[in-house]
Protein chains: 2
Amino acid sequence: MSEAAGASPRAGAAPGLAPTAVTVDVVLLTLRAGQLSVLLARRAREPFGSHWALPGTFVRLDEDLEAAARRALGDETGVTTAGHTAGHLEQLRTYGRPDRDPRGRVISVAYLALLPNLPPPPAPDPGAGDEPDRGPRARWWPVQDLDSPDGPSLAFDHPEIVGDGVERARAKLEYSPLAAAFCEEPFTLADLRRVYESAWGAPLDAPNFRRKVLSTPGFVVAVGARAAPRGGGRPAELYRRGSATALHPPLLRRSV
Amino acid sequence: MSEAAGASPRAGAAPGLAPTAVTVDVVLLTLRAGQLSVLLARRAREPFGSHWALPGTFVRLDEDLEAAARRALGDETGVTTAGHTAGHLEQLRTYGRPDRDPRGRVISVAYLALLPNLPPPPAPDPGAGDEPDRGPRARWWPVQDLDSPDGPSLAFDHPEIVGDGVERARAKLEYSPLAAAFCEEPFTLADLRRVYESAWGAPLDAPNFRRKVLSTPGFVVAVGARAAPRGGGRPAELYRRGSATALHPPLLRRSV
DNA sequence: CCAAAAGTGTTATGTGTACACCCATGA
DNA sequence: TCATGGGTGTACACATAACACTTTTGG
């Protein structure tokens, strides 16, 4: 029988059951200057003071998990994903190692968010005279810098969470039209192609990419206009996100 | 900054933060008589008394989430997946709608388990003189019967969880060697093919299936013996699970 | 005119599919 | 010998990959 749902949670049905904190953490990815980047915030308090951490928050008692993720995103970036035409938010995975937070049992439901490059870099330090050894409160980090020596020191098990989020995003590009979530509408097929190239770190053949995308029903819809030409080259046609939720057949990466 | 990890979970950093119960629920799938089936247990207590529910349990304070899932599985089925040569266990998704349990806030981390057909049907009612209107305490339900009128009434949001688990399993057959988790070793390629056919509800071409599986390195390894012939037909070669963790290219279903 | 970027055409190569055919066993 | 299921061969359709070529813009 289901003990999980069969006993009263408030009565402490399992012996020694103590309150457990539940949080959400958001892996927010975007494309900046051709680099797949993740938003990290500098911690102010111990433990892991001055380390970098994912945007996150406690889940309120009457709040849905996804609503908490949107709230964490908004608190940190000013972005309201609700009703926002661009972007994507999905549950990633739940992290619950008993020792993942030194202060007690904290279970974190991680979300993965994909957004177009935000017009203002999110939450830049408004005070210009900031401490030279602290730097900005939140910033984008190219994911390929995360493992380098001058990369950020991540708090808790956030290295694992970020890694899982990046891998999920890279994999979903293959069989979902999610790449378009990184693009501000309207976008060109070259914009869309650069999403794949940046995420996978390998060039794609532009003619074949075009045919592939256009032959997948509902991936993109033509908007019937051309982009403004910019310094040589034929202006590209413009597109919007289509209604497809999956790619059949998938757009597979070469290597793996 | 990460509020989730930056505040003390025990001090109630978020105003009105009340204890939240965390549970695990397991979608255990197997193949019985050519039918993809899920293990459900009949609830003894309210709410949802006499409804059917997934095996589950509270997460203990110092217990890893996956360990709790294995414990729930063992309590319900007697199966110990730890060290068991067959089978597969992975996290599915976390369900946290505020109203999913009428008694309070209960967040459930769902796991997906795949096992070969268990030699004894798990947890049959040992007392033969059972109440005619109650039936067994736990039983396998073919997933295709779940939505029918004589299917089980599921408790809480377990219909959604079961649906997500079945869909995850069907999808993972395409791009992972997980189908072999349903097979007792050693197995024949026909056994493996029947897993796909049962899960997807469509026949596969046996010659092409054989070539596909054998051409994927590490999917299966030949054991160098043949199965005992059983009433006509050439005896099949025997195989064991290989070391591959993904299928490149995938084994795609026809429709979708 | 040239350079650059978008878009079209063409061909070689590989992969999936369908199905004919042979092999090994029990009855 | 037939029926049954395992296993091999093969031809066709289709998708991908590579790259030549045309179009449209700015300088």
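Quick caveat: nothing in here was measured; it's all calculated off a predicted structure.

Neighbouring residues of DNA strand D: 25 residues in total, closest K212(A), R210(B), R211(B), G233(B) and R234(B). In the environment of DNA strand D, a base oxygen lies 2.8 Å from a nitrogen or oxygen atom belonging to the side chain of R211(B). A distance of 2.6 Å separates a base oxygen of DNA strand D from a polar backbone atom of G233(B). Taken together, the elements giving at least two residues each to the surface near DNA strand D come down to α5 (206–215) of chain A together with α4 (189–200) and α5 (206–215) of chain B. Classifying every residue of the surface near DNA strand D by side-chain character gives nine nonpolar, six polar and ten charged.

Residues and elements named next belong to chain A. The full count for this structure, using the stated rule, is nine aromatic pairs over all chains. Each ring, one from F48 and one from F156, has its centre 4.7 Å from the other, and the planes form 50°; the classification is tilted. Here the residue F48 occupies a position in the loop between β2 (35–42) and β3 (52–53), and F156 occupies one in the loop between β7 (138–142) and α3 (158–175), the gap between them amounting to 108 residues. The exposure class of F48 is partly exposed, given its relative accessible area of 26%. Taking the centre distance of 5.1 Å and the plane angle of 75° together, the rings of Y196 and W200 count as edge-to-face. One end of the pair, Y196, and the other, W200, are both in helix α4 (residues 189–200), four residues apart, so they sit about a helical turn from each other. Both residues of the pair, Y196 and W200, count as buried. One aromatic cluster in this structure is built from Y196, W200 and F209. Of note, R93 hangs over the ring of Y95, and the distance from its end group to the ring centre comes to 5.5 Å. It is R139 that lies over the ring of W141; its NZ or CZ is 3.6 Å from the centre.

As a further point, take the pattern of salt bridges. Per the stated rule, a full pass over the model turns up 27 salt bridges over all chains. Two residues, E66(A) and R70(A), come together in a salt bridge whose shortest N-O distance is 2.8 Å. Linking E66(A) with R70(A), this pair stays in helix α2 (residues 65–77), spanning four residues, or about one helical turn. With a relative accessible area of 27%, R70(A) lands in the partly exposed category. Residue R71(B) is joined to E63(B) by a salt bridge in which the shortest nitrogen-to-oxygen separation is 2.8 Å. The pair R71(B) / E63(B) is uniform in exposure class, with both members buried.

Turning our attention to unusual backbone geometry. Most peptide bonds adopt trans geometry, and most residues besides glycine take a negative phi value. Residue P47(A) is bonded to the preceding E46(A) through a cis peptide linkage, with omega at -5°. On the secondary structure map, P47(A) appears in the loop between β2 and β3. Residue P186(A) follows E185(A) across a cis peptide bond; omega there is -10°. Its identity is not glycine, yet F156(B) carries a phi of approximately 50°, on the positive side. Since its relative accessible area comes to 12%, F156(B) is described here as buried.

A word on the confidence of the model for chain A. All names here are of chain A. Confidence in the prediction of chain A, expressed as mean pLDDT, is 85, and 82% of residues score 70 or more. Long-range and interchain partners of residues 1–17, a stretch whose pLDDT sits below 50, account for 51 contacts in this model, where long-range means more than four residues apart. This stretch, residues 122–133, has a pLDDT under 50; its non-local contacts, to residues over four places away or in other chains, come to ten contacts.

Looking now at the packing of helix α3 (residues 158–175) of chain B against α4(B). Each pair of packed helices can be summarised by the angle the axes make with each other and by the distance between the axes. Residue and element names in this part refer to chain B. Between α3 and α4, the least distance of the axes is 10 Å, while the angle of their chain directions is 140°. The angle between α3 and α4 places the two elements in the oblique class. Here the hand of the crossing between α3 and α4 comes out left-handed. Only V195, Y196, A199 and W200 of α4 make contact with α3, whose side of the interface consists of R170, L173 and E174. Classifying every residue of the contact of α3 with α4 gives five nonpolar, no polar and two charged.

On to the environment of T188(A). All names here are of chain A. Along the chain, T188 turns up in the loop between α3 and α4. The exposure class of T188 is buried, given its relative accessible area of 9%. Along the backbone, T188 and G74 are 114 residues apart, and their C-alpha atoms lie at a distance of 28 Å. In this view, T188 contacts A227, A236, E237 and L238; residues no more than four positions away in its chain are not counted.

Okay, the protein's contact with DNA strand C next. In the region of DNA strand C, 23 residues are neighbours, and R210(A), R211(A), E237(A), N208(B) and K212(B) sit closest. G233(B) places a polar main-chain atom, nitrogen or oxygen, 3.0 Å from a base oxygen of DNA strand C. Between DNA strand C and R234(B), the relevant distance is 3.4 Å, taken from a base nitrogen to a main-chain nitrogen or oxygen of the residue. Going through the elements one at a time, α4 and α5 of chain A together with α5 of chain B are the ones with two or more residues in the surface near DNA strand C. Of the residues forming the surface near DNA strand C, the biggest block, four residues, is contributed by α5(B). Looking at the surface near DNA strand C residue by residue, the class counts come to eight nonpolar, five polar and ten charged.

Calculation notes
Residues numbered from 1 in each chain as written. Chains lettered and ligands numbered in written order. Predicted model: local features only at pLDDT ≥ 70, side-chain atom pairs only at ≥ 80, totals over all residues. Heavy atoms only, no water. Near = heavy atom within 4 Å. Polar contact = N/O pair within 3.5 Å; in protein donor to acceptor, adjacent residues only side chain to side chain. Helix = DSSP H or I, 4+ residues; strand = E, 2+ residues; numbered from the N terminus. Nonpolar A, V, L, I, M, F, W, Y, C, P; charged D, E, K, R; others polar. Phe/Tyr/Trp six-rings, centres within 6.5 Å; stacked < 30°, edge-to-face > 60°. Buried < 20%, exposed > 50% of the residue type's maximum accessible area, 1.4 Å probe, protein only. Lys NZ or Arg CZ within 6 Å of the ring centre and 35° of its normal. Salt bridge = Lys/Arg side-chain N within 4 Å of Asp/Glu carboxyl O. pLDDT = per-residue confidence, 0-100. Contact = heavy atoms within 4.5 Å. Axes fitted to C-alpha atoms, helices over the stretch in contact; angles between N-to-C directions. Parallel < 35°, antiparallel > 145°, perpendicular 65-115°, else oblique. Left-handed = near helix turned anticlockwise from the far one by under 90°.

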